[in-house]
Amino acid sequence: MDTDKIYGFNFPTPIRFGAGAINELPDYLLRNGLNRPLLVTDPTIAELPFFKEIQRKLTGRGIDVIVFHDLHKNPVKSDVLQGGDVYRGNNRDSIIGVGGGAALDVARAIALRSHHHRDLFDYDDLIGGDIYVTNEIPHLITVPTTAGTGSEVGRSAIISEDETKKKRILFSPRLMAKIVFADPLLTMDLPAFVTAATGIDALTHNMEAYLAKGYHPMCDGIALEGMAMVATAIEKATKESDLQSRSKMLLASLMGAVAFQKGLGIVHSLAHPLSSLLDTHHGLANAINLPYGMQFNYAGFEDRFDKMAVALGIGNNAGDKVVDYLFELNTRLDLPTHLSSIGVQKQHLAPLSELAYADFCHPSNPKPVTTEDFLAIYETAF
């Protein structure tokens, strides 16, 4: 990869990728007649120098910028409603999401909310709510600042209920960004923990997409290459942070989110309840559960694990070593491997299992999963 080059991709949405890609944003807005964007980010990023620089470059070109950053790290409905009010109340003409999964999900949900006024969760994909997505969607631009969720290329937003914290999925192909500016320079200063946890999130997306039920060789090929990129780059990005490794991790994140059009699986269903119930960082929740979920899926899918082992650099006919590899990778990245180390207590396991079974990801897992299976996995991981 030439780190001095800006690459042009169009799968599934136009992506401007490369060091300095963010500098193209002002010209893009003006070229498209947009000069009143709402910048959506989280409270931490809102105070960082690179975000202030993005604002400065936009305002320096006469673009009227308003920032919305009042959102939770696991976004809730009230965040979206408030953001929608800011969008409409300030006569905005576009939305730019800048950040990780939380900010990008809220940006996408605000885009939905701006001209759709039913109850927000009437648009929940699990109840067929996408049929109500019929009105205009504001011009949405996404700028990822972590290499994990891949939300920048997504068509959905995961938003929780304020009271129960149950996660709801707002989906429509019309919610895809018009363009993505993926600049690895924006990820260079991420702390080691965030790099590692979000990086394992990207790995989980690629692995679960590859194993998911259904036939989709395009997604399978993308997922395998995404795994290979993570395997060669995640440790260096975490410990040394050079541009090449950061670039690979950002691409692997994009690729994982493209691939999981095919589906996700048991690991995400194990992870989501930890965020809902205990406010656990999503990447960390995936990191802890990934080896245990893969252990559950191994029998009967040995050929797929053999191919993943090759992608991960473990070797040929080495699918039985993938689980150990994942445990060792967590250790090398200073990530925990047991639930008890992040504050989970025995009494949490039963309610976590119920939430996991109610989650929307495991129906595409290659094996069916029961509440009892989830409880057994949580107990093993405890």
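Here the structure is a predicted model, which is why all the values come from computation and not from measurement.

Colleague: Outline the overall build of the protein, supporting the account with residue identities and numerical values.
Modeller: Summing up its helical and strand segments, the protein has 13 helices and nine strands in all. When the backbone C-alpha atoms are referred to their principal axes, the protein occupies close to 60 × 45 × 40 Å. Across the 382 residues of the protein, 58% fall into the buried class. Across the protein, contacts joining residues at least 24 apart in sequence account for 75% of those joining residues at least 6 apart. By element, 52% of the accessible surface of the protein is carried by carbon and sulfur atoms, the whole surface being about 14,800 Å². Taking the average place of the 34 positive charges on the side chains of the protein and the average place of its 45 negative ones, the gap between the two points comes to 5 Å.

Colleague: Break down the UniProt feature "domain: Alcohol dehydrogenase iron-type/glycerol dehydrogenase GldA" (unreviewed entry) in the protein for me, citing the residues and quoting the values.
Modeller: Taken from the UniProt record, the annotation "domain: Alcohol dehydrogenase iron-type/glycerol dehydrogenase GldA" (unreviewed entry) applies to residues 12–184. Secondary structure across residues 12–184 divides into 25% helix and 21% strand, with the first and last C-alpha atoms of the span separated by 19 Å.

Colleague: Tell me about the side chain of N289, residues and numbers included.
Modeller: You can see N289 is positioned in helix α9 (residues 282–297). Among the polar contacts made by the side chain of N289, one reaches the main-chain carbonyl oxygen of A285 at a distance of 2.9 Å. When sequence neighbours within four positions are dropped, the list of residues in contact with N289 reads V267, L270, A271, L274, L339 and Y378.

Colleague: Let's hear about the UniProt feature "domain: Fe-containing alcohol dehydrogenase-like C-terminal" (unreviewed entry) in the protein: which residues, and what values?
Modeller: Here the UniProt feature "domain: Fe-containing alcohol dehydrogenase-like C-terminal" (unreviewed entry) sits at residues 195–382. End-to-end, the C-alpha atoms of residues 195–382 are 24 Å apart, and along that stretch the chain is 68% helix and 0% strand.

Colleague: Quick rundown of the side chain of S114? Include the residues and the values.
Modeller: Looking at where S114 falls in the secondary structure, it is placed in the loop between α4 (101–113) and β6 (139–144). Residue class for S114 comes out buried when judged on its relative accessible area of 1%. From its side chain, S114 meets the backbone oxygen of I110 in a polar contact 2.7 Å long. The residues touching S114, leaving out its near neighbours within four places in the chain, are Y87, R88, I95 and P138.

Colleague: Help me get a handle on the nonpolar core, residues and values and all.
Modeller: Here is a general trend for soluble globular proteins: nonpolar side chains tend to be buried in one another's company. Counting residues in each nonpolar core, the largest one holds 93 residues, and the members touching the most others are V40, I110, I200, L203, M207, M227 and M294. Contacts of M227, omitting those with residues within four sequence positions, involve L203, N206, M207, Y210, M308, A311 and L312. If you look at the next biggest cluster of nonpolar residues, it comprises 19 residues, including L29, I63, I179 and F181.

Colleague: Explain the packing of helix α6 (residues 217–239) against helix α11 (residues 322–332) to me, and be specific about the residues and the numbers.
Modeller: Running from N to C, α6 and α11 point in directions that differ by 20°, and their axes come no closer than 11 Å. By the angle between their directions, the pair α6 and α11 is classed as roughly parallel. Handedness of the α6/α11 crossing: right-handed. Facing A231, I234, E235 and K239 of α6, the residues of α11 in contact are Y325, L329 and R332. The residue inventory of the contact of α6 with α11, partitioned by class, reads four nonpolar, no polar and three charged.

Colleague: Could you give an account of the packing of aromatic side chains, with specific residues and numbers?
Modeller: We describe a pair of aromatic rings using the distance from one ring centre to the other and the angle between the two ring planes. As enumerated under the stated definition, the model contains four aromatic pairs in all. Summarising the aromatic geometry, the rings of Y292 and F327 are spaced 5.1 Å apart at their centres and angled 80° between planes, so their arrangement reads as edge-to-face. With Y292 in helix α9 and F327 in helix α11, this pair connects stretches of sequence that are 35 residues apart. Since its relative accessible area comes to 5%, Y292 is described here as buried. Over the aromatic face of Y210 sits the side chain of R304, whose NZ or CZ is 4.2 Å from the ring centroid. The cationic tip of K367 hangs over the ring face of F296; the distance from NZ or CZ to the ring centre is 5.4 Å.

Colleague: Can you tell me about the packing of helix α5 (residues 192–211) against α9, naming the residues and giving the values?
Modeller: What describes two packed helices is the angle between their axes and the distance between those same axes. In contact at an axis separation of 8 Å, α5 and α9 are set at 35° when each is read in the N-to-C sense. Read as a crossing pair, α5 and α9 show a hand that is left-handed. For the pair α5 and α9, contact is made by F193, A197, I200, D201, L203, T204, M207, E208 and L211 and by H282, G283, L284, N286, A287, L290, M294 and N297, respectively. In the contact of α5 with α9, the residues fall into ten nonpolar, five polar and two charged.

Colleague: Residue-level account of helix α8 (residues 266–278), with values.
Modeller: The end-to-end C-alpha distance of α8 is 19 Å, a good match for the 18 Å that 13 residues give at a rise of 1.5 Å each. Most of α8 is tucked away: eleven of the 13 residues are buried. Of the positions making up α8, those classed as buried are I266, V267, H268, S269, L270, A271, H272, P273, L274, S275 and S276. As for α8, its buried residues are in contact with β7 (156–160), β8 (167–171), α5, α9, α12 (349–358) and α13 (371–381). Positioned one or two residues after α8, D279 has a phi angle of 60°, which is positive.

Colleague: Lay out the pairing of β8 in plain terms, naming residues and giving numbers.
Modeller: Burial analysis of β8 places five of its five residues in the buried class, which makes it a mostly covered element. A two-sided burial pattern is seen for β8, the buried positions comprising K167, I169 and F171 on one face and R168 and L170 on the other. As defined by bridge partners, β7 adjoins β8 across five bridges and the pair is classed as antiparallel. Following the sheet pairing, I159 is matched in β8 by R168. Hairpin remark: β7 followed by β8, antiparallel, with six residues in the connecting loop; positive phi at K165, about 70°.

What counts and how
- In this convention, every chain numbers its residues from 1, walking through the sequence in written order.
- In view of the model being predicted, local features appear only for residues whose pLDDT reaches at least 70, and side-chain atom pairs are presented and counted only at 80 or more, with totals across whole chains, interfaces and linings using the full set of residues.
- Where side-chain values are given, they derive from all heavy atoms of the structure, hydrogens and water being excluded.
- In this text, helices come from DSSP runs of H or I with a minimum length of four residues, and strands from runs of E with a minimum of two, each type numbered from the N-terminal end.
- Classification of residues uses two cut-offs on accessible area relative to the type maximum, computed with a 1.4 Å probe and protein chains only: under 20% is buried, over 50% is exposed, and between them is partly exposed.
- Contacts between residues were defined by any pair of non-hydrogen atoms, one from each residue, lying within 4.5 Å.
- Computed with the Shrake-Rupley method and a 1.4 Å probe, the accessible areas treat only the protein chains shown as cover for residues.
- Under the counting rule used here, the positive set is Lys and Arg, the negative set is Asp and Glu, and His together with the chain ends is not counted.
- Charged groups are reduced to one reference atom each: NZ for lysine, CZ for arginine, CG for aspartic acid, CD for glutamic acid.
- UniProt positions are given in the numbering used here, feature names are shortened, and annotations may be inferred rather than shown by experiment.
- Under the rule applied, a polar contact is a pair of N or O atoms within 3.5 Å (in protein, one hydrogen donor and one hydrogen acceptor; residues adjacent in sequence only if both atoms are side-chain atoms).
- Remark: nonpolar core denotes a set of buried residues (Ala, Val, Leu, Ile, Met, Phe, Trp, Tyr, Cys) joined through side-chain atoms within 4.5 Å.
- Between the N-to-C directions of two axes lies an angle of 0 to 180 degrees, each axis being a line fitted to C-alpha atoms and, for a helix, fitted only over the stretch in contact.
- When an angle is under 35 degrees it counts as roughly parallel; over 145 it counts as roughly antiparallel; between 65 and 115 it counts as roughly perpendicular; any other value is oblique.
- If you view the pair so one helix is near and one far, a crossing is left-handed when the near helix is turned anticlockwise from the far one by less than a right angle, and right-handed when it is turned clockwise.
- Gly falls in the polar group here, along with every residue not listed as nonpolar (Ala, Val, Leu, Ile, Met, Phe, Trp, Tyr, Cys, Pro) or charged (Asp, Glu, Lys, Arg).
- What counts as a ring pair is set by centres within 6.5 Å for rings of Phe, Tyr and Trp (its six-membered ring), and what kind of pair is set by the plane angle: stacked under 30 degrees, edge-to-face over 60, tilted for all other angles.
- Two conditions define a charge located above a ring, namely a distance within 6 Å from the ring centre to NZ of Lys or CZ of Arg, and an angle within 35 degrees of the ring normal.
- Multiplying one less than the number of residues by 1.5 Å gives the expected span of a helix.
- Pairing between strands is defined by DSSP: at least two bridges between them are needed.

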